[in-house]
Amino acid sequence: MSYLIHRAGDRLVLENTLTGALVGLMVCPSPNESRRMFEYDFGSTESRNSLVNVDGFPELDYLQFYGVESLDSSHYALCYRDQSWQHLRHLFYAEGKAIGFNANKSPSGSTINPIWQHTPTNEKGSWKLPAWALYANHQGVWMGNRDGLVIAFDHQGQISNQFQLPKITRCLIANEQSIYATCDDGNLYDLGGKLPRAVYNARSDAVSIWYDFLIYGLDYDRDRFHIIDFYGRITQLDAQLQLQWQKQVNQGRSWFFQADDYAIYQGHNQGVSAYAIASGKLLWSCDTAAVLCGVLTEDTVIVGTSDCHIYELSKTGDIKAKNNEIKIFAVCDGAPYACAISEDQQVIFVADHQGGLYAFNRRGDKLWQQSLSCGVILSMCCVGDRLYGTTTEGTILCLAIPSAMPATPITPPPQHLTSMPSPSASIPKRNRRKQEPAPISTLSSLQTDLQALANPQKAIALARYFQTGQGQYAEGDRFLGITMPEQRKLAKKYRDLGFVEISELLSSEWHEYRLTGLLILTYQFAKATPTQQQAIVDFYLANTHAINNWDLVDVTCQPILGMYLLQRDRQILYQLANSASLWEQRIAIVTTGKFIKHGQYQDTIAIAELLLQHPHHLIHKAVGWMLREVGKQDRSVLLEFLDQHASQMPRVMLRYAIEHFDQPQRQAYLQRSALK
């Protein structure tokens, strides 16, 4: 290790030259003190040759060894208040976020009041427990604090579950299967059951088991988990948590860590770096002050840094120079500790270290600025027209986006379903491992469990979300207000129901009954014999009239119909594509996503051509989505399709298909679109 010395009042402060991180205070021996005596009193020591700029401090000419003392909250207070310490603020801001230091000043001007907030009780004392971990989606909100407490809330602020992990929880993420949390014991935990379950140990052999193993970044994108630990190692896992690759990058303090289809973007104490998604190879890096937060847009990386600036960087850097374009996006009054982006990617929200909250448009113009009175926000998410944040005081708060800015409505991603032929026979029970409990297969029990999970307030939100109003695509559909993870649990529990019972679920007026019945079919199909698979597919096609919303299509057609047709004739998809039913048409195109993953694109292209002039935006989105997936596997196939059809493609379809093109190429195709 090597260090830079900084003078702060009558103290000397050390900075790690490799990571740019604040290390601590330098403790010097007396001029005649022996190293052995100093170590006896102080502990371990460092040698003079580890100091890069010691020659600039003539009072240290005698120095041959020294010690490093950790900083405490009094030193952070000095940095914020003492003029002789203020030149080190850019270092202290990064470390202040790491310890949850509260620099909240008295609110001035307009103060924003939460819709709801919750601060867990600290049973160990009166001190605050900062909360860094936060995840929110349309199903709910999760927070994790310094004591390892993880709490799940619905969007009305009601607690739906909570877990206790052994140590600090820094990261939360979710996928279709579950919610995951990191812990300073080095484990990744699955929180989808009644108790936390450690599913991956990220601990490095280089770190003693007696030390905490800090995981600073966790991301899930396109069936891949990415982890960055404090010790500077990036790990990629597949959806089954199997190791794909690891890379040592040395920069571990990563408050911004996110991936897309092409790269992993890491903000650290010396700037931003991008690594290839397939191998971890460094693509580019860009120097800034310490990165404290960040978001990805379609084309750029936006980060907040310890010099109070918001920077915008192009995603496509110069690989040879390992650098890229950067511009100042905005400037805040304080260091930006957290940021989030609206769902339409048109507004950036930023929270600074003094409790300020800002909104900027994509040009960097400030739309509004307000203050908070409940601590400093450490993490922030935007879902629809609400902002969620966790603070230095351990509070989770829900804020309505002020009316000074056009609110972003909660809109679903593209997806949908419908009907056809017949059989019905029950699926024989499968062999089970001895330790697995006998399944419960009573329809009335499942219906009771579903009703017990009903949430009227959430049902209202879901009805709006799935557009059930008069004249909308899901007119008249009814909801109980049950989340997808809860339904998946029940589908696994009742996975041995027969076709007669599942038929009754599919005929229900309740959306969640139908979805749970379809999920049961996906679990049955995964372990069925070929004969049983044929029966499931026939049953599925005979009941497409019950598959009448986009989520019902998208979570079932690939694992059932797509998997079944992978090695079979696919004429049925063309019959569905030519159906008069919107949902059967969506089944036809979305099912081909399974073929795309196996390098088979011809059916996607053919069905996309059949649906090219479809009038409904849900088909436009589905076709564009599948074309985009083709492009990820083989760009030349997508380009050939676009060169032939771009001028006839609906605008939404085209935008989805070219979402991951670079800006010049995307603009070239958009200009060719005939539907503006």
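Procedures and definitions
Residues numbered from 1 in each chain as written. Predicted model: local features only at pLDDT ≥ 70, side-chain atom pairs only at ≥ 80, totals over all residues. Heavy atoms only, no water. Pairing = 2+ DSSP bridges. Helix = DSSP H or I, 4+ residues; strand = E, 2+ residues; numbered from the N terminus. Axes fitted to C-alpha atoms, helices over the stretch in contact; angles between N-to-C directions. Buried < 20%, exposed > 50% of the residue type's maximum accessible area, 1.4 Å probe, protein only. Arc of directions from axis to C-beta. Contact = heavy atoms within 4.5 Å. Polar contact = N/O pair within 3.5 Å; in protein donor to acceptor, adjacent residues only side chain to side chain. Parallel < 35°, antiparallel > 145°, perpendicular 65-115°, else oblique. Left-handed = near helix turned anticlockwise from the far one by under 90°. Nonpolar A, V, L, I, M, F, W, Y, C, P; charged D, E, K, R; others polar. pLDDT = per-residue confidence, 0-100.

Participant: Which residues make up the sheet that holds strand 32 (residues 386-391), and what are the values?
Facilitator: Strand pairs in the sheet, formed through backbone hydrogen bonds, run parallel or antiparallel to each other. Reading across the sheet, the four strands line up as 6-33-32-31 and stay open at both edges, with antiparallel pairing between neighbours. Both outer strands of the open sheet, strand 6 (116-118) and strand 31 (377-383), are each paired with one neighbouring strand and no more. Each strand axis lies, on average, 20° off the axis of its neighbour in the sheet, ignoring direction. Two strands pair when backbone bridges link them, and strand 6 and strand 33 (residues 396-400) are joined in this way by three bridges, in the antiparallel orientation. Across the sheet, residue glutamine 117 finds its bridge partner in strand 33, namely leucine 397.

Participant: Please provide a residue-by-residue account of helix 5 (residues 456-465), values included.
Facilitator: Within the span of helix 5, buried status applies to Lys458, Ala459, Leu462, Ala463 and Tyr465. Along helix 5, the residues classed as buried sweep out an arc of 160° about the axis, all on the same side. Opposite the buried face of helix 5, at more than 90 degrees from it, the exposed residues are Pro456, Ile460 and Arg464. Where the residues of helix 5 are buried, they touch helix 8 (511-526) and helix 10 (550-554). The distance from a side-chain oxygen at the start of helix 5 to the backbone nitrogen of glutamine 457 is 3.2 Å, and the residue carrying that oxygen is asparagine 455. Two residues or fewer after helix 5 comes glutamine 467, characterised by a positive phi angle close to 55°.

Participant: Can you lay out the packing of helix 4 (residues 443-452) against helix 8 for me, pointing to particular residues and giving the numbers?
Facilitator: Helix 8 packs onto helix 4 with a crossing angle of 130° between their chain directions and a minimal axis gap of 11 Å. If you check the angle between helix 4 and helix 8, you find them oblique. The chirality of how helix 4 crosses helix 8 is right-handed. The residues of helix 8 that touch helix 4, namely those facing Leu446, Gln447, Leu450 and Gln451, are Tyr513, Thr516 and Ile520. Split by residue class, the contact of helix 4 with helix 8 holds four nonpolar, three polar and no charged.

Participant: Explain helix 19 (residues 663-670) to me, using residue names and the numbers behind them.
Facilitator: Of all the residues in helix 19, the buried ones are Arg666, Tyr669 and Leu670. Down the axis of helix 19, the sector holding all buried residues measures 100°, keeping them to one side. The N-terminus of helix 19 is capped by aspartate 662, whose side-chain oxygen sits 3.1 Å from the backbone nitrogen of glutamine 665.

Participant: Outline the confidence of the model for the chain, listing residues and values.
Facilitator: Residues with a pLDDT of 70 or more make up 91% of the chain, whose mean pLDDT is 85. Across the chain, element-level confidence peaks in strand 8 (residues 141-144) with a mean pLDDT of 96 and bottoms out in helix 2 (residues 73-81) with 77. In the model, residues 404-440 has pLDDT below 50 throughout and makes 116 contacts with residues more than four positions away in sequence or in other chains.

Participant: Please provide a residue-by-residue account of unusual backbone geometry, values included.
Facilitator: Its identity is not glycine, yet cysteine 308 carries a phi of approximately 70°, on the positive side. Residue placement: cysteine 308 occurs in the loop between strand 24 (300-305) and strand 25 (309-314). Not every positive phi belongs to a glycine, and glutamine 467 is a case in point at roughly 55°. By the element assignment, glutamine 467 lies in the loop between helix 5 and helix 6 (484-493). A relative accessible area of 24% means that glutamine 467 is categorised as partly exposed.

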